[in-house]
Amino acid sequence: MRAIQITRLGGPETLTESEVPDPVPGPDEILVDVEAAGVNYADAERIAGTYLPPDLPFIPGSEVVGRTADGRRVMGLARQAYASKALINVDDVVDLPEEAVAGEALALLIQGLTAWHLLGTSARVRKGESVVVNSAAGGVGHLAVQLARELGAGRVIATASTPEKLELALSLGADAAVDGSAEGYAERVIEANLGNRADVILDAVGGDVFDAALGAVAEFGRLISYGTASHKDPSPVDVGRLLETNVAVAGFWIRPLLTRPGGYRAQLSELLELTGSGRIRPIAGREYALADAGRALGDVLARRTTGKVVLLP
């Protein structure tokens, strides 16, 4: 089969197409012909060796839409997704309607499931609560804005870095959208929330933005961190301050949930139903040929893309 095989750690320049043997399914796996594979920022970190360092050589990627030998169109998390064939655990295979757009469906996997668990499992959003979504035009953020609405949030506030991204967040259902930079963050969020601190803030920026967000959380509110895109750690959290304000700070990482057999099937099926009914709108992005995987990943790293980027073998 054709695949992107990494033989040395580095940047997007290390991604070259090769011919490799077809994968052989184990007793709990199913082989699919890949229709589309999702591209994620985490793929670049694995290729660089800074995230879950791999054994070389390896084929990157983890999200696929494909067809089984009997013609079923399916999707799921796969081992070695940047290829024309991939393996999915039998317990994790989810059937995909023919009319579903591959890029939209792939946006629901790691990113959609992250948004689902951030709101429902970690923050435990209740009806009527206010929710702030930092980086609201991103892969997780644009879905979190919409899912917060589905969970009955009383007011959804988006933060982003450009006017275009703020407009996108508003078009997806945010009640207000404000600049997400650290300076003046708390004041802007409180003003957008009609003079009140927010019940829930979701943050993947970290650093100074996380520090500023802590000043915008209401009593008994929750600040959930799920990344440090700024590549800067926030200041150590003062437990005394949390005690005084009755604020909870938590972290979230999707991977442990995804590694459980059948650990995401029900939630992904729910997200697909919400998409099929038009209640949420995942954004499909650019499509690249498998041979152009390096260019695709480079564009993702340089933030030249919007929506879910996919490879087409």
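Described below are features of the structure shown in this document. (Residues numbered from 1 in each chain as written. Predicted model: local features only at pLDDT ≥ 70, side-chain atom pairs only at ≥ 80, totals over all residues. Heavy atoms only, no water.)

**Topic: the packing of helix 1 (residues 41-48) against helix 10 (residues 293-301)**
- Where helix 1 contacts helix 10, the axes come no closer than 9 Å and their chain directions differ by 110 degrees. Comparing their axes, helix 10 and helix 1 come out roughly perpendicular. The hand of the helix 1/helix 10 crossing is left-handed. In this structure, helix 1 contributes Y41, D43, A44 and I47 to the contact, and helix 10 contributes L297, V300 and L301. (Axes fitted to C-alpha atoms, helices over the stretch in contact; angles between N-to-C directions. Helix = DSSP H or I, 4+ residues; strand = E, 2+ residues; numbered from the N terminus. Parallel < 35°, antiparallel > 145°, perpendicular 65-115°, else oblique. Left-handed = near helix turned anticlockwise from the far one by under 90°. Contact = heavy atoms within 4.5 Å.)

**Some remarks on the sheet that holds strand 10 (residues 176-179)**
- With parallel pairing, the six strands of this open sheet are ordered in space as 10-9-8-11-12-13. Lying at the two open borders of the sheet, with one neighbouring strand each, are strand 10 and strand 13 (248-251). With strand direction ignored, the average angle separating the axes of adjacent strands in the sheet is 20 degrees.
- Sheet analysis places strand 8 (residues 130-133) next to strand 9 (residues 155-160), joined by four bridges and oriented parallel. Directly across from S130, in strand 9, lies its bridge partner R155. (Pairing = 2+ DSSP bridges.)

**A word on the side chain of S84**
- Summarising the element assignment, S84 is placed in the loop between strand 5 (73-79) and strand 6 (85-89).
- When residues no more than four places from it in sequence are discounted, the contact partners of S84 are M1, R2, V32, D33, V34, L290 and P313.

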